[in-house]
Amino acid sequence: MAKEEIKNEGKEKLTKEEKQANKLAAKKEKAEAKKAELREQIDELKTKIVDENDEKVKEKLRAQRDDLAAQLDGIKKSKDGMTIPMAPITKKRIKACIAIVVVIGLLCAYLFTGTARYGLLSYFGVPQSTLTAYTITDGDGEKHSVKVSTYNYYYALYYNNLRSQQEQYAQYGIDLGDDKQVDFDKKLKDQTTTNDDGDTITWAQYMREEIMENIKSTYTYYYEAVKNNKGKEPKITDDQKKELKETLDSYEETAKGYGFTVSGYLTAAMGKGVTEEVFKREARISYIADNYKEEYQKELNSKEYSNNDYNKYREEHESELQVVDLKYFECDTEDDAKAFVKALKKDGSNFAELASKYTSEDNAFDKEANKNDVETTYKEITRSTLQSLGAAIAQADATESTEETEAENKTYSGLDWIYSADRKAGDVKQVSTSVVYMLKKARISDTKTVTVRHILINPLTEEEQNDNKSPSTDATADQWKEAKKKAESILAEYNKGDKTAEAFGELAKTNSTDSNAEDGGIYENVTPNQMVPTFNAWCFDSSRKAGDTGIVKTEFGYHIIYFESYGDLPVWKYTAQQALASDDGTKAQEKLEKSYKIEENWFGSLFFEIDTDIDS
């Protein structure tokens, strides 16, 4: 090739690089302008929220703020969530890399002159892909090597999550405190924080310790999974394969926009040595570890105990296991609660009517729903469940102490009244905004848990659900009508088929908008009042039997429910079994995790990502 041709080829290549750089700069400038606009809108909404007195208007403003914050976060991830510091790799640089690989002695020169992390070998990720970051020794004494590229992968995840988390806190005005706040414009080694032991260390040290623990935890369950699968790596689920593919497809699309391969994009975004293969490997290992841990925990949680164990637990936790039947309503004001009690009939027959009357006018859905006695009737409810409802009567008594009172020293006179052995049907209690009408006094129930499946039909359109701007209760009358029609159509389709739990589960997978759709809509070992009132009442109807189906309406939409079975244990025994198994399971997991040891490799650690500003 003539000198003039070489010269012209160089100019052409430079022009392409300039075009790529200009394109990237334009994209970033556009993203920055949009981010500034969104931040300004968010700040304006924050001011409006503080000044607004109407709680309903506040909620709408908060929803707008959250939507804008989500948009801002989306821009950060899709537009400027990575650094692109590298120019396209030329043939000359590739040849130089090969030459250095051949002349191994040069590696020592790079290392001891302090430039190893920035030399050409490091540039192409050779040390990161070959050197050991950690040696993990399992409970059997077998040693496993974890590469530097794995450390850099985890470093990128931790760094970006930390930065994203802090930005979200900042958006909501949450002050983390000086020692928990990171200045990402400064080096991590020049900033300090406090670790779990109360020691002051640099952020660089803190992150290094956290990343080592994260790697140890993940690889512990990964190696256990392999060990318990006859030494072979278990397969991940089809859904996980799909999720991984979709993630990589998304990265590929973004990478093309920057003129990169997927590996080049990941290396630029996540650190040297983090190629497409490394990303897939680490994602697969995480999936396998999570799957095994879930199965391991499920096995631990299913441990069976003797009647002596259950009875001992019952004696020690009697008050926690007791249940009562009552009617309960929370008024908007204490004056409303007093008026409610004054108007309440002795037999409690107008409780639902009063609940509807004293529901806020602007809450049309609840005002109509509360006309149904089921909405305010709670059978076999425990102390903790009543507290979870936010009942004023279930709150801790006020204390004169200015210091934070320990949980075990708090008193709950409202709950003590409800669960007292002196209670009888017809007793009424009003505390602040709470009104309680007793139906049945405290006892230990023999009611068993239930397993059901359901298909949720949300009245809102898919777009409205994705926007997440309004709850289902804001749906129009026509939308509710269409949702009911769809629910009835799906139930009719089920009734034409095999009428089995599996068949119902398949319909749930394709029709339900609930988060458990992929699991066939199943809820196992449901306890009384775990679900919203109308759903709960259907499940625990005394006439319920396996194979029953029905449709109920709740604030979330229409639920097509299939009753699968009763549990083997009464609720109180199931509660005891879960508590005992949880304690034993925690001890077993701690023992397993302690049996694994991790040791950092000094030589490999020289190639760890340090103070890398991945997001800027």
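These numbers come from a predicted model, not from an experiment. (Residues numbered from 1 in each chain as written. Predicted model: local features only at pLDDT ≥ 70, side-chain atom pairs only at ≥ 80, totals over all residues. Heavy atoms only, no water.)

## Quick notes on the overall build of the protein
Phase 1 of the analysis: Each helix and strand counted, the protein has 24 helices and 13 strands in total.
Phase 2 of the analysis: Residue burial in the protein is summarised as follows: out of 616 residues, 41% are buried.
Phase 3 of the analysis: Taking the contacts inside the protein whose residues are at least 6 apart along the sequence as the reference set, 68% of them involve residues at least 24 apart.
Phase 4 of the analysis: If you sum the accessible surface of the protein, you get close to 35,400 Å²; carbon and sulfur atoms cover 48% of it. (Helix = DSSP H or I, 4+ residues; strand = E, 2+ residues; numbered from the N terminus. Buried < 20%, exposed > 50% of the residue type's maximum accessible area, 1.4 Å probe, protein only. Contact = heavy atoms within 4.5 Å. Areas by Shrake-Rupley, 256 points an atom, 1.4 Å probe, with all protein chains shown as cover.)

## Focus on helix α9 (residues 238-258)
Phase 1 of the analysis: For α9, spanning 21 residues, the distance from its first C-alpha to its last is 30 Å, which sits close to the expected 30 Å at 1.5 Å a residue.
Phase 2 of the analysis: If you check which residues of α9 are buried, you get Q240, L244, L248, A255, G257 and Y258.
Phase 3 of the analysis: Directly after α9, the chain includes G259, whose backbone phi takes a positive value near 80°. (Expected span 1.5 Å × (residues − 1).)

## Observations concerning the pattern of salt bridges
Phase 1 of the analysis: This model, assessed by the stated rule, comprises 25 salt bridges.
Phase 2 of the analysis: A salt bridge links E334 to K338; its shortest N-O distance comes to 4.0 Å. With E334 and K338 both in helix α14 (residues 334-343), this residue pair falls four residues apart, about one helical turn.
Phase 3 of the analysis: For E334, a relative accessible area of 38% puts it in the partly exposed group.
Phase 4 of the analysis: A cluster of three or more residues bridged by salt bridges with shared partners is formed by D541, R544, K545 and D548. (Salt bridge = Lys/Arg side-chain N within 4 Å of Asp/Glu carboxyl O.)

## Remarks on the sheet that holds strand β9 (residues 448-457)
Phase 1 of the analysis: As summarised here, the arrangement of the four strands in space is β10-β9-β12-β11, forming an open sheet in which the pairing is antiparallel. Edge positions in the sheet fall to β10 (522-526) and β11 (549-554), since each has one partner strand and no second. Within this sheet the neighbouring strands show an average axis-to-axis angle of 35°, counted without direction.
Phase 2 of the analysis: Note that β9 and β10 share three bridges and pair antiparallel. Considered in β10, the bridge of V450 is made with V526.
Phase 3 of the analysis: The strands touched by helix α20 (residues 477-496) within the sheet are β9, β11 and β12 (557-570), with β12 carrying the most contacts at an inclination of about 50°. (Pairing = 2+ DSSP bridges. Axes fitted to C-alpha atoms, helices over the stretch in contact; angles between N-to-C directions.)

## Quick notes on the sheet that holds strand β6 (residues 377-381)
Phase 1 of the analysis: Sheet architecture is open: four strands sit in the order β6-β5-β8-β7, paired in antiparallel fashion. The open sheet has two edge strands, β6 and β7 (428-431), and neither has a second partner. Within this sheet the neighbouring strands show an average axis-to-axis angle of 30°, counted without direction.
Phase 2 of the analysis: With three bridges connecting them, strand β5 (residues 323-330) and β6 associate as antiparallel partners. Among the inter-strand pairings, L326 is bridged to a residue of β6, identified as Y378.
Phase 3 of the analysis: α14 contacts β5, β7 and β8 (434-443) of the sheet and is inclined by roughly 170° relative to β7.

## Looking at the environment of A133
Phase 1 of the analysis: Within the fold, A133 resides in strand β1 (residues 132-137).
Phase 2 of the analysis: A C-alpha to C-alpha distance of 8.1 Å links A133 and S149, two positions 16 residues apart in sequence.
Phase 3 of the analysis: Aside from chain neighbours lying at most four places away, what touches A133 is V146, K147, V148, Y151, E599, E600, N601 and F608.

## Some details on the packing of aromatic side chains
Phase 1 of the analysis: Scanning the entire structure with this criterion turns up 30 aromatic pairs.
Phase 2 of the analysis: Taken together, a centroid distance of 6.0 Å and an interplanar angle of 70° make the contact between Y219 and Y222 edge-to-face. Of this pair, Y219 and Y222 both sit in helix α8 (residues 203-227), three residues apart, which is roughly one turn of the helix.
Phase 3 of the analysis: Look at Y219 and you get buried, because its relative accessible area is 4%.
Phase 4 of the analysis: Residue Y222 is classed as buried on the basis of its relative accessible area of 11%.
Phase 5 of the analysis: Judged by centre distance (6.4 Å) and plane angle (50°), the ring pair of W602 and F603 falls under tilted.
Phase 6 of the analysis: Take W602: its relative accessible area is 59%, and that puts it in the exposed class. (Phe/Tyr/Trp six-rings, centres within 6.5 Å; stacked < 30°, edge-to-face > 60°.)

## A few points about the packing of helix α7 (residues 148-171) against helix α11 (residues 276-301)
Phase 1 of the analysis: Between α7 and α11, the least distance of the axes is 10 Å, while the angle of their chain directions is 75°. When the axis of α7 is compared with that of α11, the two are roughly perpendicular. Residue-level inspection shows S149, T150, Y153 and Y154 of α7 in contact with α11, the latter providing V278, F279, R281, E282, A283 and S286.
Phase 2 of the analysis: Among the residues making up the contact of α7 with α11, the classes are represented as five nonpolar, three polar and two charged. (Parallel < 35°, antiparallel > 145°, perpendicular 65-115°, else oblique. Nonpolar A, V, L, I, M, F, W, Y, C, P; charged D, E, K, R; others polar.)

## Section: the nonpolar core
Proteins that are soluble and globular tend to have nonpolar side chains buried together.
Phase 1 of the analysis: Formed by 56 residues in total, the largest nonpolar core has its most connected members in Y134, M207, I211, Y219, Y222 and M270.
Phase 2 of the analysis: Put simply, the parts of the chain that give this core at least two residues each are β1, α7, α8, α9, α10 (262-270) and α11.
Phase 3 of the analysis: With 11 residues, the single largest contributor to this core is α8.
Phase 4 of the analysis: Setting aside residues no more than four positions away along its own chain, M207 makes contact with Y155, Y158, Y159, L162 and L188. (Core = buried A, V, L, I, M, F, W, Y, C linked by side-chain atoms within 4.5 Å.)

## Examining the packing of α9 against α10
Phase 1 of the analysis: α10 packs onto α9 with a crossing angle of 85° between their chain directions and a minimal axis gap of 8 Å. As judged from the angle between their axes, α9 and α10 are roughly perpendicular. The segment α9 lies against α10, with L248, Y251, E252, T254, A255 and Y258 engaging V262, Y265 and L266.
Phase 2 of the analysis: A class-by-class count of the residues in the contact of α9 with α10 yields seven nonpolar, one polar and one charged.

## Considerations on α10
Phase 1 of the analysis: Along α10, eight of the nine residues are buried, which leaves the element largely enclosed by surrounding structure.
Phase 2 of the analysis: Considered for burial, the residues of α10 that qualify are V262, G264, Y265, L266, T267, A268, A269 and M270.
Phase 3 of the analysis: Structurally, α10 contributes buried residues whose contacts are with α7, α9 and α11.
Phase 4 of the analysis: Positive backbone phi, at 115°, marks G271, one or two positions downstream of α10.

## Some remarks on a negative patch on the surface
Phase 1 of the analysis: Together, D238, D239, E243, E246, D290, E294, E518, D519 and E524 make up a negatively charged patch on the protein surface.
Phase 2 of the analysis: Counting only elements with at least two residues in the negative patch, the list comes to α9 and α11.
Phase 3 of the analysis: It is α9 that contributes the most residues to the negative patch, four residues altogether.
Phase 4 of the analysis: If you trace the backbone, D519 turns up in the loop between α21 (501-511) and β10. (Patch = residues over 30% accessible without salt bridge, like charges linked within 9 Å, V, L, I, M, F, W, Y side chains within 5 Å. Lys, Arg positive; Asp, Glu negative; His and termini not counted. Charge placed at Lys NZ, Arg CZ, Asp CG, Glu CD.)

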